Each structure stands twice: as C-alpha cells, then as structure tokens.
Amino acid sequence: MNAPRPLPSLDTDLLLAFVTVADSGSFTQASHHLHRTQSTVSLRISTLEERLGYRLLIRTSRHMELTDAGRTFLRYARRILQLQREAVAALGENDQPITLRLGLPEDYATTWLPQLLAQISERHPQIRPHIHCRMSTELLEQLDAGQLDLVIAVSHNQQRQGELLSREPVVWAAHQRFVLDPGAPLPLALFPEQCIYRERALSALTQAERSWRIDSTSQSPSGLRVIVNQGHAITVADRRSLPEDWYELGEDMGLPTLPTAEIELHRSPSLTHPIFDTCAEMIRELLRDEAQT
C-alpha cells in the first residue's frame, strides 16, 4: 500500500504573496504593498506553485490572470490567512499598539473623521491612526504604493472597484453674498484638473451650453472655501458638507444637475491584522448612519 502524499508546506509569506498579487492585479503593486522586491514576490509565487504542483497564475509582460486552480486556491488561501489572524488575536496580542494609515479627502474628513476617531479611541485604544488627507486619485496612488491601509475615496472610473459605502448628492454652491448674473459666464472656483467633481461640472456645463470661466483653483478645500466666501464665484461640493452661510444653486437658476458621488472603501490587500476588519466595519456603520440622518 502506497504511503499518502505529504501535505505541502503553506507558509504565510507564500500565501500572503499570492493573495496580494491576486487582489492588486500585478506583481509591481504587490511588491509595494508587501515592501518586498518584485523578484522576491515572484519567487514566492513560484515556490508556492512548485509545492502545490499546480500553476496558479498566467503571467506575461503586460498581463496577469488566475488559472482555474488559482481561483479555487485563492478562496482557501484567504481563509487560512484569516484563521491565522484570528488565532493571533485570540492570544491577546491585539493589545499591542497598531498603526492604521487611513486616507480620505479633506472635505469628507471634516464631516466624518471626528466621530470615526472617537469610535476608534473608545473601542480600540491600541490603534494609532495616521491620517492622510489628499484628493481621491492621490490617495489611491498611495494605496497602490503600499503607503496606506484603508482609503475612503470618490469613485472615478469603472476600472477600479472599491466597496460602495454611500452615494452623496453633489451640488453647485456659493456664499450667500454671491449674486448670479444669468447673462455672464459662470465664475467658477474649483479643485485642480485631476478632481472628478471638476471634470463632471465642466462636462455638465458644456452639455448644457452654459458659458463659464475658471476664476480660481485650490488644492485644499479650506483654500477653496476662503475663495468662495468672498462672494465672487461658485463651486461644486457634496450637499452634506455645505457651510451654513452657503446656498445651493439649482436648475431654477439655469445650472445643470450634477452626478451623484459614489463613496468607496479601498483596502490594502496585504492587511494582516483582524482589527483592520473591525475598522472597516466601523467606517461602514458610520456612513450608513450618516445616510439615514
């Protein structure tokens, strides 16, 4: 009778490399997330495939995709890593300080961050939040580079999908001192060109054949607010964040309706501690509660 084939050794480093490559879609991004060289990540995948006796990934110079065996094994690799995280947490090691690198746009930070930080401090005082406020495109680039753990961002395209958290109405807004001249080009104060709000606003004005001019730009929501407070220009903002001394301009003033902003949660595929799952759930709860108010 033949002896049973010994089970292959499934080291955590090998599983984590495979899951991170599968989630990020490339060896380059996985190397950033794992803080390892691309050759090291590639070697770990090759070692895992050799031990399993199956090809998990099909790789070319421009493309990477999972094989049938890879798709099957991915589900189990996730479960194994999750069980390892739960086992470590059950031993009480979650009392050690843990750094959470959270990124979100500054205007949403003003709305959501105070309550979120209060909840984190109350439920998990061992977490040390490091907050990064940038535009959504910059935050996602930092996530890809392995510099952030969780990112709350405005969806920019269909190619990159995060977890949908909420849909926020986006409106034209101005200070109460602003008086609209229907016959003059619309004076605008907007974020720089990479801002999705700016792109959608200018597209809507073009389709509506409404003349406009950009009077001012600012990278910072605080700077944009100072500009708009002068009462000489209008901007685009989510309705929830409008200051009390601003008002909304709508179709009754000849301005086109703007698309709703989809707020998504993106997370690094290399997260290894179960407390990050808890943080993600707190973010979901916060935005669900905000949407119902």
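Residues numbered from 1 in each chain as written. Predicted model: local features only at pLDDT ≥ 70, side-chain atom pairs only at ≥ 80, totals over all residues. Heavy atoms only, no water.

## A word on the environment of phenylalanine 178
Right, on to step 1. Among the structural elements, phenylalanine 178 can be located in the loop between strand 7 (170–175) and strand 8 (186–190).
Right, on to step 2. Separated by 99 residues in sequence, phenylalanine 178 and aspartate 277 place their C-alpha atoms 45 Å apart.
Right, on to step 3. Filtering out sequence-adjacent residues up to four positions away, phenylalanine 178 remains in contact with Pro187, Gly231, His232, Ala233, Ile234, Tyr247 and Leu249. (Helix = DSSP H or I, 4+ residues; strand = E, 2+ residues; numbered from the N terminus. Contact = heavy atoms within 4.5 Å.)

## Concerning the pairing of strand 10 (residues 235–238)
Right, on to step 1. The alternating pattern of strand 10 places Thr235 and Ala237 and Val236 and Asp238 on opposite faces, both of which are buried.
Right, on to step 2. Sheet topology note: the strand 7/strand 10 ladder contains four bridges and is antiparallel. For tryptophan 172, the partnering residue across the bridge sits in strand 10 and is valine 236. (Buried < 20%, exposed > 50% of the residue type's maximum accessible area, 1.4 Å probe, protein only. Pairing = 2+ DSSP bridges.)

## Brief notes about the sheet that holds strand 7
Right, on to step 1. One open sheet accounts for three strands, arranged 10-7-11; its pairing is antiparallel. Bordering the open sheet on either side are strand 10 and strand 11 (246–249), each of which pairs with just one other strand. Taking the axes of each pair of neighbouring strands and ignoring which way they run, one obtains an average angle of 50° across the sheet.
Right, on to step 2. Here strand 7 pairs with strand 11 via four bridges, running antiparallel. Considered in strand 11, the bridge of alanine 173 is made with glutamate 248.
Right, on to step 3. Each of strand 7 and strand 10 touches helix 7 (residues 196–207); the most contacted strand, strand 10, lies at about 120° to it. (Axes fitted to C-alpha atoms, helices over the stretch in contact; angles between N-to-C directions.)

## Considerations on the sheet that holds strand 4 (residues 127–133)
Right, on to step 1. Read from one edge to the other, the open sheet built from five strands follows the order 4-3-5-12-6, with strand pairing classed as mixed. Two strands lie at the open edges of the sheet, namely strand 4 and strand 6 (163–168), each paired on one side alone. The mean angle between the axes of side-by-side strands here comes to 20°, regardless of whether they run parallel or antiparallel.
Right, on to step 2. The pairing of strand 3 (residues 98–104) with strand 5 (residues 150–154) spans two bridges and is parallel. Across the sheet, leucine 102 pairs through a bridge with leucine 150, a residue of strand 5.
Right, on to step 3. Along the sheet face, helix 5 (residues 106–123) touches strand 3, strand 4, strand 5, strand 6 and strand 12 (261–267) and points at about 180° away from the line of strand 4.

## Digging into the packing of helix 1 (residues 12–24) against helix 2 (residues 27–34)
To characterise two packed helices, one gives the angle between the axes of the helices and the distance between these axes.
Right, on to step 1. For the pair helix 1 and helix 2, the least separation of the axes is 8 Å and the interaxial angle reads 125°. In terms of orientation, helix 1 lies oblique with respect to helix 2. Considering only the axes of helix 1 and helix 2, their crossing is right-handed. Touching Leu16, Ala17, Thr20, Val21 and Ser24 of helix 1 are Phe27, Gln29, Ala30, His33 and Leu34, all from helix 2.
Right, on to step 2. In terms of residue class, the contact of helix 1 with helix 2 is made up of six nonpolar, four polar and no charged. (Parallel < 35°, antiparallel > 145°, perpendicular 65-115°, else oblique. Left-handed = near helix turned anticlockwise from the far one by under 90°. Nonpolar A, V, L, I, M, F, W, Y, C, P; charged D, E, K, R; others polar.)

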